[in-house]
Amino acid sequence: MKRGNTWSYVVRVTDPETGVSKPKWVGGFPTENDAKAARDEARVKARRGEYIDRSSVTVSEYLTDWLDGHALEVKPRTLDDYRNCIRLYVTPRLGAVKVQALRPSMFTKLYRDLRSGGGRDGKPLAVSTVTHLHAILRKAFRDAVVVDQLLSGNPVERAKRPRDAYREPGTIWTKAQLRRFLETARGHRLFAFFHLAAYTGARRGELLHLRWADVDLDGKRITITGSTSVIGGTRVDGTTKSGRSRVVTLDDSTVEVLRAHRVRQSDEADTADDAWQGDEGGHVFTTAWGEPIYPDTVTGLIRTLVKAYNKPKGKPVRPDPLPLARLHDLRHLHATTLLLAGVPVHVVAARLGHADPAITLRVYAHVVRTAETAAADIFAQALKED
C-alpha cells in the first residue's frame with residue numbers, strides 16, 4: 001500500500017506468548033518492489049518465528065540502556081571500563097546509526113579507523129585495546145539478538161578485527177634480581193607488601209583488600225576474599241576477579257615478615273594515638289595513620305625503590321642495575337618460578353586465582369614449553385632406574 005510518498009506492507013506475526021496472530025505494518029520503502037521484497041522476507045521469518053519488529057533505536061541509545069542494565073551484573077571497575085570504551089571509541093563514530101542498520105563492515109571499518117588514528121592526539125590505538133572493544137561490542141549486540149530481539153544476527157561476530165601476535169609475559173627479573181630488590185625494599189614500611197606480592201603471586205588489589213582477619217599466621221596461610229580498585233579517582237572495594245575467595249599458603253619466611261609488619265603497624269598506631277584511622281582486624285597494609293592505601297601508591301613505589309637501588313645517595317651508580325619492572329611482574333615471576341620448578345599447572349592456577357587451569361596454560365605457555373624440553377630426558381632416565 002502506498003502511503004504518501006512511500007510504500008508499506010503488512011505481515012501477520014504470531015505472538016510467542018499468546019499464540020495469537022496479529023498484523024504488523026511496516027513502512028518507509030521508496031518503491032513498491034522494495035516493499036514487496038521486504039514483505040516476502042518478513043513472511044519467511046514470521047513462519048520460522050524469527051520475525052524482528054522494525055526499530056529506530058540508535059547504537060548510542062541501545063548501548064546506554066545496555067550499560068545501565070548491566071550495572072548490577074558486573075563489577076564497578078568493569079562497568080566503568082565499558083562506559084569509557086564506548087564513550088571514546090563507539091559513540092563518536094557509530095552512535096547515530098540505527099541498530100538495525102548495522103552491518104559487519106561497519107565494525108570492520110571502525111576497528112581499522114581506530115588502529116590508524118583512534119588514540120590520544122590521533123595516534124594509532126593498540127591492537128589489544130581494539131580487541132578488548134570488540135569483546136565488549138560482541139557481548140552487547142549478542143544481547144540485542146537474544147535478549148532484546150532487535151537483531152536477527154550479531155553483526156559484530158562477522159566483523160574482521162585486527163590481530164596481533166600474542167606477547168607472552170617475560171620474566172622481567174631473575175631470582176637474583178628479585179632478591180636484590182627485596183633487600184632494598186626491606187627498609188621501607190611497606191616492605192611486607194612487596195614480599196607478599198612476590199611470594200604469593202597475589203594481585204595488587206587483592207593484597208590491598210587484605211584484612212588481618214584473613215591472615216592465619218599460625219596456620220601459615222592467607223584467605224583472599226576481595227579486591228581493591230580505583231574508579232574515577234576513588235578507592236573502591238569489590239570481589240576478586242573470579243568472584244570467589246581462595247586460600248594461599250605461606251612459607252616460614254613470609255610468616256615472619258608479616259609478624260614483623262604487624263608489630264610495626266601496632267607501633268604506628270601507638271604513635272598516632274587518637275589520629276589513628278584503622279580499627280581492630282583492619283587492613284594489613286595501611287598508611288602511617290591507619291588509612292587504607294591508595295592502589296597507585298604501591299604501583300609508583302616499586303619504581304622509586306628500583307631507582308633507589310640503581311642510584312644510591314652518596315654512592316656510585318650500581319654496576320648491576322635492576323631493570324624497571326611493573327608491580328604485576330612480581331606475579332608473573334612467582335608463577336614462572338613455580339612452573340619451571342615442576343609445580344603442577346592446576347596448583348599454580350589455584351594459587352594465582354585463575355578460574356580455569358587453561359587460563360594459566362594460555363598465559364604461561366612459553367614456560368610450559370620450556371619445561372617440556374626436558375620431558376624426554378626425564379622419561380628416558382626414569383626407565384633406566386629400577
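K.L.:
How do you make sense of the environment of H195 when you look at a structure like this?
P.N.:
With respect to the helices and strands, H195 occurs in helix 7 (residues 191-200). Taking the C-alpha atoms as reference points, H195 and L330, separated by 135 residues in sequence, lie 9.4 Å from one another.

K.L.:
Is there a simple way to explain a nonpolar patch on the surface in this structure?
P.N.:
On the surface, a nonpolar cluster with roughly 300 Å² of combined accessible area is contributed by M1, V10 and W25. Structurally, the position occupied by M1 is in the segment before strand 1 (2-3). Owing to a relative accessible area of 55%, M1 belongs among the exposed residues under this scheme.

K.L.:
Mind showing me how you'd approach the packing of aromatic side chains here?
P.N.:
Centre distance and the angle of the planes are the two values used to describe a pair of aromatic rings. The final tally for this structure, using the stated rule, is 7 aromatic pairs. Aromatic side chains W66 and Y82 sit 5.9 Å apart centroid to centroid with 20 degrees between the ring planes, which places their arrangement in the stacked category. Residue W66 is located in helix 2 (residues 59-69), and its partner Y82 is located in helix 3 (residues 76-94); the two are separated by 16 residues in the primary sequence. Using a relative accessible area of 5% as the deciding quantity, one classes W66 as buried.

K.L.:
Honestly, the packing of helix 2 against helix 3 in this entry has me stumped. Any pointers?
P.N.:
Pairs of packed helices are described in terms of their axes, by the angle between the two and the distance that separates them. Following both chains from N to C, one finds helix 2 and helix 3 inclined at 175 degrees, their axes separated by 10 Å at the closest point. Between helix 2 and helix 3, the crossing angle belongs to the class labelled roughly antiparallel. Residues V59, S60, L63, W66, L67 and D68 of helix 2 pack against L79, Y82, R83, I86, V90, T91 and L94 of helix 3. Partitioned by chemical class, the residues of the contact of helix 2 with helix 3 number 9 nonpolar, 2 polar and 2 charged.

K.L.:
It is not clear to me how unusual backbone geometry should be interpreted in this structure. Could you clarify?
P.N.:
Excluding glycine, most residues fall at negative phi; most peptide bonds, likewise, are trans. The phi angle at D121 is positive, at roughly 60 degrees, despite the residue not being glycine. Along the chain, D121 turns up in the loop between helix 4 (104-117) and helix 5 (127-146). Exposure remark for D121: the relative accessible area of 71% places this residue in the exposed category. Phi at D273 is positive, roughly 55 degrees, even though this residue is not glycine. Mapped onto the elements of the fold, D273 is located in the loop between helix 9 (252-272) and helix 10 (295-310).

K.L.:
Explanation requested: the nonpolar core in the structure shown.
P.N.:
Generally speaking, nonpolar side chains in soluble globular proteins are found buried as a group. Grouped together as the largest cluster of nonpolar side chains are 41 residues, with contacts concentrated most on W173, F181, F193, F194 and F285. Contributions of two or more residues to this core are made by helix 6 (175-185), helix 7, helix 8 (204-209), strand 5 (221-224), helix 9, helix 10 and helix 11 (328-340). The element that contributes the greatest number of residues to this core is helix 7, accounting for 7 residues. With sequence-adjacent residues up to four places away left out, F285 is seen in contact with L190, A192, F193, L196, L207, L208, H261, Q265, P292 and I293. Core analysis: the second largest hydrophobic core is formed by 30 residues, Y89, L114, A144 and L150 among them.

K.L.:
Can you help me understand the side chain of D214 in this one?
P.N.:
In this structure, D214 sits in the loop between helix 8 and strand 4 (215-216). Look at D214: it is buried, it has no salt bridge, and the nearest opposite charge is R211 at 5.8 Å. Excluding its chain neighbours within four sequence positions, the residues that come into contact with D214 are R221, I222, T223 and T225.

K.L.:
Just checking my understanding: could you explain the pattern of salt bridges for this structure?
P.N.:
For side chains bearing opposite charge, pairing can occur when the charged atoms are close. Overall, the coordinates contain 17 salt bridges when judged by the stated rule. Here K36 makes a salt bridge to E32, at a shortest N to O gap of 3.4 Å. Of this pair, K36 and E32 both sit in helix 1 (residues 32-48), 4 residues apart, which is roughly one turn of that helix. What makes K36 partly exposed here is its relative accessible area of 37%. R203 is the salt-bridge partner of E206, the closest N and O atoms lying 2.7 Å from each other.

Procedures and definitions
Residues numbered from 1 in each chain as written. Predicted model: local features only at pLDDT ≥ 70, side-chain atom pairs only at ≥ 80, totals over all residues. Heavy atoms only, no water. Helix = DSSP H or I, 4+ residues; strand = E, 2+ residues; numbered from the N terminus. Patch = residues over 30% accessible without salt bridge, like charges linked within 9 Å, V, L, I, M, F, W, Y side chains within 5 Å. Areas by Shrake-Rupley, 256 points an atom, 1.4 Å probe, with all protein chains shown as cover. Salt bridge = Lys/Arg side-chain N within 4 Å of Asp/Glu carboxyl O. Buried < 20%, exposed > 50% of the residue type's maximum accessible area, 1.4 Å probe, protein only. Phe/Tyr/Trp six-rings, centres within 6.5 Å; stacked < 30°, edge-to-face > 60°. Axes fitted to C-alpha atoms, helices over the stretch in contact; angles between N-to-C directions. Parallel < 35°, antiparallel > 145°, perpendicular 65-115°, else oblique. Contact = heavy atoms within 4.5 Å. Nonpolar A, V, L, I, M, F, W, Y, C, P; charged D, E, K, R; others polar. Core = buried A, V, L, I, M, F, W, Y, C linked by side-chain atoms within 4.5 Å. Lys, Arg positive; Asp, Glu negative; His and termini not counted.

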